[in-house]
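# Architecture and fold: a report
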Amino acid sequence: MADKLIQIGESIHASIPKTGEMMLELARGGAEAYQTGSEALDYVRSLIEKQAIAGASYIAVNVDAFAETDPALAVESMREYARLVRKWGKGVPICVDSSSDAVLIAGLKEWYATDQSVKPPLINSIKVYTADHMMPLRREYDFSFVGLLMSEGKATGPGGSHSVEELYGLAKELFDKAVNRYGFRPSEIYFDSTVFPLAIDMPMEPGVPGYTYRAFETVRRIMTDPEMKGVHCSFGVSNSARNLPARRVGICRAYVEKAMEYGLDAAIVNVFHEYGKKPADPELVALVDAFAKMDGSPERTNEAMMAMAQFCASCRA
């Protein structure tokens, strides 16, 4: 499994407590802080180098926590991290990860602001409603991108969220723009149908499929569509285990293993957990499977809720 999963290292993220402290210290120090030896810079360097050694296909950087109070700081910080990954990433390209187009563009341009040869980066993310702003950059810069399957308007699926058909339709729209209008190759497109925490994946209305069901089934639809052959599907896996009482690494491992059965071939993960080298616990795979099958029927919903109750009880034992 390991050689089939494109692993995007998640460890340089300003919302991770310890890492965020170090990243904020560097940001407050200005441009010189990214060039002068310090505990914070050594910490970031270690994360970059170790993820590259551990087999990351991309090294993701997210500074959105800075953008909440200082958008300009987020933009400049991403430029600095593009330089650091280029310097210490052992040839592994950056994944510029942000909800801000300005930050994405800054990271992309800085990645190529060098005379040295670099591999094309991954831009995370582009949505249908930002595509015509972001995709024209393909004319000047070579890059792959994550297509986040969300619309600007209100979702109209069951329970007020996107249905599988809506998510699949968004993927088709992004694919058409990317390939037929802007010249991307299918292999440069990664679709993300969004991971929802298992702990709160509980439909509030009868007959409404769960979020995990919708995410997995969307992957299946995309990856079996002959017209989109060659694209990738990616998840931000750590979110699946959020709010669970224990065994979060095990849950993430099980989530990846089950999602790959539906066609997932990429993921934003902690690469130090060596996904694919150690099989997931069958009991945890069964738990994820219950949510993957929660199609809105009373039977499937009850099975998922019972599985979660048993898991939580086992954590307290």
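Use the structure listed above.
First things first, this report covers the structure right here in the doc.

Rules used throughout
- Residues numbered from 1 in each chain as written.
- Predicted model: local features only at pLDDT ≥ 70, side-chain atom pairs only at ≥ 80, totals over all residues.
- Heavy atoms only, no water.
- Helix = DSSP H or I, 4+ residues; strand = E, 2+ residues; numbered from the N terminus.
- Rg over C-alpha atoms; globule rule 2.2 N^0.38 Å.
- Buried < 20%, exposed > 50% of the residue type's maximum accessible area, 1.4 Å probe, protein only.
- Contact = heavy atoms within 4.5 Å.
- Areas by Shrake-Rupley, 256 points an atom, 1.4 Å probe, with all protein chains shown as cover.
- Lys, Arg positive; Asp, Glu negative; His and termini not counted.
- Charge placed at Lys NZ, Arg CZ, Asp CG, Glu CD.
- Core = buried A, V, L, I, M, F, W, Y, C linked by side-chain atoms within 4.5 Å.
- Disulfide = S-S within 2.5 Å.
- Phe/Tyr/Trp six-rings, centres within 6.5 Å; stacked < 30°, edge-to-face > 60°.
- Pairing = 2+ DSSP bridges.
- Axes fitted to C-alpha atoms, helices over the stretch in contact; angles between N-to-C directions.
- Expected span 1.5 Å × (residues − 1).
- Arc of directions from axis to C-beta.
- Parallel < 35°, antiparallel > 145°, perpendicular 65-115°, else oblique.
- Nonpolar A, V, L, I, M, F, W, Y, C, P; charged D, E, K, R; others polar.
- Right-handed = clockwise from strand over helix to strand, strands pointing away.

## Quick look at the overall build of the protein
Within the protein one finds 11 helices and eight strands. Compactness check: the protein gives a C-alpha radius of gyration of 20 Å against a globular reference of 20 Å for 317 residues, within 12% of the reference. For the protein, with 317 residues in total, the buried portion stands at 53%. Sequence separation of at least 24 residues holds for 69% of the intrachain contacts in the protein that already meet a minimum separation of 6. Accessible area of the protein: about 14200 Å², with a carbon and sulfur share of 51%. Within the protein, the 42 negative side-chain charges are centred at a point lying 3 Å from the centre of the 34 positive side-chain charges.

## A look at the nonpolar core
General note: in soluble globular proteins, nonpolar side chains tend to be found buried as a group. Counting residues in hydrophobic clusters, the biggest one holds 100 residues, and the most contacted among them are Tyr 81, Phe 191 and Phe 235. Residues in contact with Tyr 81, not counting those within four places in the same chain, are Ile 12, Met 23, Leu 26, Tyr 34, Val 44, Val 61, Val 63 and Ile 94.

## Details of the state of the cysteines
Taken as a whole, this structure holds zero disulfides when the rule is applied. Between Cys 233, a cysteine without a disulfide, and Cys 95, which holds the nearest cysteine sulfur, the sulfur-to-sulfur distance is 15 Å. Of all cysteine sulfurs in the structure, the one in Cys 315 sits closest to Cys 312, which takes part in no disulfide; the separation is 6.1 Å.

## Brief notes about the packing of aromatic side chains
The geometry of an aromatic ring pair comes down to the distance between the two centres and the angle between the two planes. Counted according to the given criterion, the structure contains 10 aromatic pairs. Between the aromatic rings of Phe 143 and Phe 184, the centroid separation amounts to 5.2 Å while the plane-to-plane angle is 75 degrees, which identifies the pairing as edge-to-face. Pair noted here: Phe 143 is in the loop between α6 (131-134) and β5 (144-148) and Phe 184 is in the loop between α7 (164-181) and β6 (189-192), with a separation of 41 residues, a long-range link. Summarising the burial analysis for this pair, Phe 143 and Phe 184 share the class buried. Ring plane angle 85 degrees and centroid distance 5.1 Å describe the contact between Phe 216 and Tyr 255, whose orientation is recorded as edge-to-face. Taken as a pair, Phe 216 in helix α8 (residues 211-223) and Tyr 255 in helix α9 (residues 248-262) lie far apart in primary sequence, 39 residues in all. Note on Tyr 255: relative accessible area 0%, which makes it buried. In textbook terms, an aromatic cluster arises when at least three aromatic residues are bridged by ring pairs, as seen for Phe 216, Phe 235, Tyr 255 and Tyr 262.

## Digging into the side chain of Lys 258
Following the sequence through the fold, Lys 258 ends up in helix α9. Setting aside residues no more than four positions away along its own chain, Lys 258 makes contact with Phe 216, Val 285, Val 288 and Asp 289.

## Some remarks on the sheet that holds strand β3 (residues 94-97)
Taken in spatial order, the eight strands of this closed barrel run β1-β2-β3-β4-β5-β6-β7-β8, and their pairing is parallel. Here the strands of the sheet are splayed against their neighbours by 25 degrees on average, with no regard to which way each runs. The pairing of β3 with strand β4 (residues 122-126) spans three bridges and is parallel. Considered in β4, the bridge of Cys 95 is made with Leu 122. The sheet strands contacting helix α4 (residues 71-88) are β1 (6-13), β2 (58-62) and β3, and the helix crosses β3 at an angle near 165 degrees.

## A look at helix α2 (residues 39-53)
Taking 1.5 Å of rise per residue, the 15 residues of α2 would be expected to cover 21 Å, and the 21 Å separating its terminal C-alpha atoms lies within 8% of that figure. Listed in full, the buried residues belonging to α2 are Ala 40, Leu 41, Val 44, Leu 47, Ile 48, Gln 51 and Ala 52. In an axial view of α2, the angular spread of the buried residues amounts to 125 degrees, which keeps them on one side of the axis. In α2, the exposed positions angled more than 90 degrees off the buried face are occupied by Glu 39 and Ile 53. Gly 55 sits one or two residues past α2 and shows a positive phi near 105 degrees.

## Description of the packing of α8 against helix α10 (residues 282-292)
Put simply, α8 and α10 touch, their axes get as near as 7 Å, and they point 85 degrees apart. On the basis of their axis angle, the class for α8 and α10 is roughly perpendicular. Mapping the contact onto sequence places Thr 212, Tyr 213 and Phe 216 in α8 and Val 288, Phe 291 and Ala 292 in α10. Its residues assigned to classes, the contact of α8 with α10 comprises five nonpolar, one polar and no charged.

## Here's the deal with the pairing of strand β7 (residues 232-236)
Burial within β7 is extensive, with four of its five residues counted as buried. Of the strand pairs in this sheet, β6 and β7 are connected by two bridges, and their pairing is parallel. The partner of Phe 191 across the bridge, within β7, is Cys 233. Of the crossover connections in this fold, the one passing from β6 over α8 to the parallel β7 is right-handed. Two strands pair when backbone bridges link them, and β7 and strand β8 (residues 266-269) are joined in this way by three bridges, in the parallel orientation. Its bridge partner being in β8, Gly 236 is matched across the sheet by Ile 268. Chirality of the crossover, the property in question, places the unit of β7, α9 and β8 among those that are right-handed.

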